[in-house]
Every structure is written in C-alpha cells, then in structure tokens.
Amino acid sequence: MAVANTTKTSWRLQEIVAHSSSVACLALGKNSGRLLATGGEDCRVNIWAVSKPNCIMSLTGHNNPVECVKFNNSEEQVVAGSQSGSLRVWDLEAAKILRTLMGHKANICSLDFHPFGEYLASGSMDTNIKLWDVRRKGCVFRYKGHTQAVRCLAFSPDGKWLASASDDSTIKLWDLTAGKMITEFTAHTGAINIIQFHPNEYLLASGSSDRTIKLWDLEKFKMIGSSEGEMGPVRCLAFNLDGCCLYSGAVDSLRVYGWEPDRCFDVVPVGWGKVEDLAICNHQLIGVSYNLANVSSYVVDLTRVKKSGSVIQGVIQDDQPLTEPSPKGSTLRRNYDRPLTTCSTQRVKQSSESDRRSPEGERRSPSSEDEKESSAEIRNPEDYKEIFQPKSAISRTPPKSEPFPAPLEDGESLLSTITLICCVCVYKMCCCPEFHITSPFCCFVLGDDEALAQIRKGHDTMCVMLTSRHKNLDTIRAVWGSGDVKTSLDSAVSMKDLSIVVDILNIVNLKPSLWKLDLCTSILPQIEELLQSKYESYVQTGCTSLKLILKRFWPLISDTLTAPPSVGVDITREERHQKCKACYKQLKNLSDVVKNKADQVGRHGSAFKELQLLMAPLDY
C-alpha cells in the first residue's frame, strides 16, 4: 500500500510523567503556547517547555496538593493554589518565591492575573473570590455572592471587569473600580467549567457541564447564542486570535463555533481525553490533558480546520447562505479600550483596613503552610537560560518557535510496534466504565509476534466479561424504554454489578431533571458502596450523584421533616415524609463516610471536602 503524503489535522505531540504522584492541575502559557505548568499531589509545581521531555524547574513550598496553577500574561510569574486555600507566586526569571498569600478557607479552584496591574484573583470552594495586590502581599477586596465553588475566573481584556463562574450554574460580572457586581447570567442548568472573554468585542463565552456553550452580549447583558452540539461537558474554550470563531474542547473532540447566527463549522476528533487547557500559537491549537501522573499534549493544525463557510451543525441549513462577515474593523459591539503601555494607573476598589485585618483570614497568622521554605529548583539549566534569561534582551518575551511539524497521515506501520495492556488493566477496563490507560507503567512495547501472542492470552476472559456486561445493559435498556427511570435503576441494583449501576448513574447525572425523591431512596445505599470503591471512576460517580441529591433534595427533606404535623389524614404527605425520613437516615450514614475521607489528598479529597461542606446542615 502506498504511503500517503498528506499530513494530519490533529496528532499527539508528547506524553510525559510529570510528577512522582498524580497530577491535579495544569495550565499553558497563553502568550507563547510553549510553556506548561503542572501541579501535583506531591505538592510541587513543575515548569515544562512544551514538546521537550525534561522539567525545566520544580517549585516547592506548599504542604498540601496543588489544585490550581496559572501563568501571568508575560509568563514571567506563575501562581499556584493549594488544597488548604493558600497561594504562592513565583518569579520564574529570578527563580524564587515572590509572595505567599493566605486567606481562603478551602481548596483553590480558579486563578487569573490582571492583564496590566499587579493584581491577582482567586476563587475557592469556600465560595469567595479574593482580589490580591501582589506587590503589597494583601487582599484588597473580597467578592461574595456565589453559593458553591468558584470554578473559573477571567479578567476582561481592558482590565476593568472580572467574570466568575461557579458550580451554582451562574456567571457573575464584577466591576473592579466600583467593587460591586454588575450583572448575573443564569441560563445554564449545570456547573460552569470555563468562561472566556472575546479578544476584542464586549462578548463573553461560557461552557458548562450541561453540555452547552452560551455567548453573552456585555453591552446589553443578554444571551445572544447557545450551542448544544457537545456530547459531554464543555471543558475548555478559546477564541481564535482574531475573534472570528470559538474553539470548544470536550472529551476527545474539538468543535469550531460561530454565532449570530449559532452554527458549528467543524468537528475535529482529537484523542486528548479530558482536555484541561488550550492555547493558540503559529496557527496551531495546543491542548493538554492529564491522567494519573502523566500529561499528554496534542496539536490541531488550524489551517486545516473550517472557521467559516459550510455549516455541519446548527440552525443554518446547508442550502442557505451564511451571513457575510463584517468588514475588518467593523463589529456589532464595542471594542475594549486597552492602556497604551503595560503600566496601568487603574485603581481597584479596596477593602477597609479593618476588613483586611479581619479574623476571616486575609492577614491571618502563619500556619503550617508557611513553615516549609519555598524554593525553585532548576532541573534543566540549558532550557531555563534559553527561555527565562535570553541574551541581548532588555525585556524578556515568551519563547517563540516554529510550528510543531505534523506527522505523515499513513507514514507509520500499525504493526511495527504494539502497545500492550497488561492483564490487570484489561480487568479494570472491563469493570470500570471510564477507566483509561495512559501510564507507561501499565504498558510495554513488544514486537509483532510476541505482542499478538500476549493479546490472545486475555482475549477469551475479556470477551466473557464484555458479553456479560452487554447483556445486562440490554436488559436495562429495555426497561429504560418504558420511561421509568427508577425501575431501570432498581433493575441495575438487583444485578449486583456496580459497573452497571455506574453506567446508569453516569447518564442520570447528566440530566438532573430525571432525579426524583423515589430515586434517592434507591440509590443512596449504592452511593455508599461507590464512595468506598477502589476504582477511581466509581468514587467520582458516587460523589457526583451525592452532590446532585444534596443540592436538589436537601431543602425538601429538611422542610418536610421540620414541618409541624398536618391536620387530618394526608396520605401523599405521609408518603413524602417517610421517603424524606429514609433519605435523611441514609445521608447521616454517608456523612460519616464523607467525613473520614475528607482528609485524603488529591482530587478525591477535594471532592469529599466539598461534600462535607454540603452535608454540614445534617448535624444541626
């Protein structure tokens, strides 16, 4: 067969073992697209040059897992937030700690640097947003209003506004000068994972776990578009550099959207799994994801992606012409006014001195987090000097380089090397619905004959397990067709196979409207098993289900159990009271499990801490 000469639209660039334990977060440098920061459960922040195998610098100082990282715009500084709620800012050029900021009461979930001033915003699971003056090492303002974890923060390009997105399904827009909320957007029905300002126009994009992307006009403060083509939660968003389209990263796919009218220009399959961050450079989009201790980077050639023209999905039909784009320099909305220099005289609303010294922690006494000395260990001096200490340069600019070369479409033989999954991983993949294998410790490379012989050894066992699971799912599907979700779930429970329960819950969790009080009484005992499972995805599914139950039904349960007795006989009320009583008892049992696991490190510890906060009213 002839080897094709055409190049691929997307490909994997690299996979690295980034930490000695699981990776908990990562971030790309958006200016260059060539720097990567990773935070791990080993409490370190590691700095990498994208496509190079060795760590440039390892930053220490946190005593708890690092849960969030972010570069500033010039990529000269990086900030990391920990599970304990502390922040540390490092100067990468000087290779030293710049600031330690204390004040949040729970995990740091989101970070962003002000585009011009020396300010930093942080959002936490404690529902608060804090604005920090990095030079003065203090919190200058606190924004309150969200009722759940703040998952994303973004400063507007002109530096006047701060947008925040939360698990409470709302987006809030804050005026930094006035120190108050401007407006709130509430059209999403699920947790909001990402928000992104248009680079030029007064326009904001948001992506949610409800599998939609929404666009908001920031002059009229109204929604102007909603795209619903995603097959799973929207994890990342990035506007094209000229603002002509919006890229959406979800599990194993990239979509290209337009608006006014809503339309999808292209869908690109990308094998990045649960992509965590995107950056654009040299007409290429870089996407990064992590699994356990591994980090993978992927490249999409944007010159081969449709950004206009024919529409493959949306409200526009193929036989209808699209609206012609506006002439260059002409937009439907205002453009941001940016300062002419990088030094901004803009002032932000600051808290009073008494508020900054309040017991709530902006200047609280040093804790165990402060006892560990922070350091920046340079692991790769050559790369460090090349990137952070360029010769003959007055002011450092982020590393620029040529586009990453694309591999040939069919340039390699499929059987030249085969990555073989070990028997343990095969078993986990069969039993665990979301198990993905990327760790080099689970795989090894063999020649063709030996690899095929090894694969055949586990083939029969794997077929038996998959056949049994397929049969059970067919049974559930038949019941599901009747529209009775509870009966479907009860059938799954009766099969005594947690993997089937997980499959059903993964569907129901995406549609909160399917949840009823009857469903809670059936699933809460199963959640207890899931939370104590050895499989990561089982624990994750159990946490998600319990979180949904607490959000949707705890007010009803509490009100029902505390209401005075009714006069006369009310059968419906009595039935509801019995169900609420049963749910309360099960939730009390689960609260002990959650409390015991809240001290774990890593993503599960973070999830259990959030559940512990949600379950606090059970103790009153």
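Up top is the structure.
Now for a quick tour of the structure. Since this is a predicted model, take the numbers as computed values, not measurements.

Quick notes on the overall build of the protein
Each helix and strand in the protein was counted, giving 12 helices and 32 strands. A separation threshold of at least 6 residues defines the contact pool for the protein, and within that pool the share at least 24 residues apart is 58%. As displayed, the protein has an accessible area near 29,100 Å², and 51% of this comes from carbon and sulfur atoms.

Remarks on unusual backbone geometry
In this model, Glu260 is joined to Pro261 through a cis peptide bond whose omega is 10 degrees. For Pro261, the position within the fold is in the loop between strand S24 (253-258) and strand S25 (263-269). For Asp252, which is not a glycine, the phi torsion comes out positive at approximately 60 degrees. Tracing the backbone shows Asp252 in the loop between strand S23 (246-250) and S24. Among the secondary structure elements, Glu260 is positioned in the loop between S24 and S25. Owing to a relative accessible area of 30%, Glu260 belongs among the partly exposed residues under this scheme.

Quick look at the nonpolar core
Of all hydrophobic cores here, the largest spans 41 residues; its most connected members are Trp515, Leu531, Leu546 and Leu587. Ranked by residue count, the leading element in this core is helix H10 (residues 536-562), at 10 residues. By size, the runner-up hydrophobic cluster in this structure holds 29 residues, among which are Trp161, Tyr202, Ala205 and Leu215.

As for the sheet that holds strand S2 (residues 23-28)
Strand order across the open sheet formed by 5 strands is S2-S3-S4-S5-S30, with antiparallel pairing between neighbours. Bordering the open sheet on either side are S2 and strand S30 (375-378), each of which pairs with just one other strand. The average undirected angle you get between the axes of adjacent strands in this sheet is 20 degrees. Note that strand S5 (residues 55-60) and S30 share 4 bridges and pair antiparallel. Paired with Ser58 across the bridge in S30 is Glu377. The strands that helix H3 (residues 381-388) touches are strand S3 (35-40), strand S4 (45-49), S5 and S30; relative to S5, the one it contacts most, it runs at about 90 degrees.

A closer look at the sheet that holds strand S26 (residues 275-281)
Spatially, the 4 strands line up as an open sheet ordered S1-S28-S27-S26, and their pairing is antiparallel. Every other strand in the sheet has two partners, leaving strand S1 (10-17) and S26 as the edge strands with one partner each. With direction set aside, neighbouring strand axes in the sheet form an average angle of 20 degrees. Relative to strand S28 (residues 294-301), strand S27 (residues 284-291) runs antiparallel, the two being bridged by 8 bridges. Of the residues in S28, the one forming a bridge with Gln284 is Asp301.

Focus on empty space enclosed by the protein
The tally for this structure, following the rule as stated, stands at 1 cavity of 30 Å³ or more. For the largest cavity, the full set of lining residues is Gln14, Ile16, Leu36, Trp48, Ala49, Val50, Ser51, Lys52, Val288, Val295, Ser296 and Ser297. When residues of the lining of the largest cavity are traced back to their parent elements, those giving at least two are S1, S4 and S28. Within the lining of the largest cavity, the residues separate by chemical class into 7 nonpolar, 4 polar and 1 charged.

A short note on the environment of Phe239
Along the chain, the position of Phe239 falls in strand S22 (residues 236-239). Taking the C-alpha atoms as reference, Phe239 lies 9.5 Å from Tyr257; in sequence the two are 18 residues apart. Here Phe239 is in contact with Gln196, Phe197, His198, Pro199, Leu203, Ala205, Leu215, Cys245, Leu246, Tyr247, Trp259 and Ile280, once residues within four sequence places are set aside.

A look at the pairing of S4
Most of S4 is tucked away, with 5 of its 5 residues classed as buried. Residues Val45, Ile47 and Ala49 point to one face of S4 and Asn46 and Trp48 to the other, with burial holding for every one of them. Here S3 pairs with S4 via 5 bridges, running antiparallel. The residue of S4 that forms the bridge with Leu36 is Trp48. Counting the residues that bridge the hairpin from S3 to S4 gives 4 residues, and of these Cys43 lies at a positive phi of roughly 75 degrees. Adjacent in sequence and paired antiparallel, S4 and S5 are bridged by 5 residues, among which Ser51 carries a positive phi angle near 90 degrees.

Quick word on the pattern of salt bridges
Counted according to the given criterion, the structure contains 15 salt bridges. The partner of Arg12 in a salt bridge is Glu15, with the nearest N and O atoms 2.9 Å apart. With a relative accessible area of 48%, Arg12 lands in the partly exposed category. The shortest N-O distance in the salt bridge between Glu184 and Lys172 comes to 2.3 Å. Within this pair, whereas Glu184 is found in strand S17 (residues 180-185), its partner Lys172 is found in strand S16 (residues 171-175), the two being separated by 12 residues in sequence. Since its relative accessible area comes to 34%, Glu184 is described here as partly exposed. According to the relative accessible area criterion, Lys172 is buried, its value standing at 5%.

A closer look at the packing of helix H7 (residues 485-494) against helix H8 (residues 498-508)
At a minimum axis distance of 8 Å, the contact between H7 and H8 shows a crossing angle of 155 degrees. Taken together, the axis directions place H7 and H8 in an arrangement best described as roughly antiparallel. For the element pair H7 and H8, the recorded crossing hand is left-handed. Residues Val485, Leu489, Ala492 and Val493 of H7 form the contact with H8, whose own contacting residues are Ile500, Val501, Ile504 and Val508. Taken together, the residues of the contact of H7 with H8 break down into 8 nonpolar, no polar and no charged.

Reading the values: the criteria
- Residues numbered from 1 in each chain as written.
- Predicted model: local features only at pLDDT ≥ 70, side-chain atom pairs only at ≥ 80, totals over all residues.
- Heavy atoms only, no water.
- Helix = DSSP H or I, 4+ residues; strand = E, 2+ residues; numbered from the N terminus.
- Contact = heavy atoms within 4.5 Å.
- Areas by Shrake-Rupley, 256 points an atom, 1.4 Å probe, with all protein chains shown as cover.
- Buried < 20%, exposed > 50% of the residue type's maximum accessible area, 1.4 Å probe, protein only.
- Core = buried A, V, L, I, M, F, W, Y, C linked by side-chain atoms within 4.5 Å.
- Pairing = 2+ DSSP bridges.
- Axes fitted to C-alpha atoms, helices over the stretch in contact; angles between N-to-C directions.
- 1 Å grid on protein atoms, 1.4 Å probe; cavity = no way out; pocket = protein on both sides within 12 Å on 5 of 7 lines; lining within 4 Å.
- Points joined across faces, edges and corners; volume = space filled by probe spheres on them.
- Nonpolar A, V, L, I, M, F, W, Y, C, P; charged D, E, K, R; others polar.
- Salt bridge = Lys/Arg side-chain N within 4 Å of Asp/Glu carboxyl O.
- Parallel < 35°, antiparallel > 145°, perpendicular 65-115°, else oblique.
- Left-handed = near helix turned anticlockwise from the far one by under 90°.

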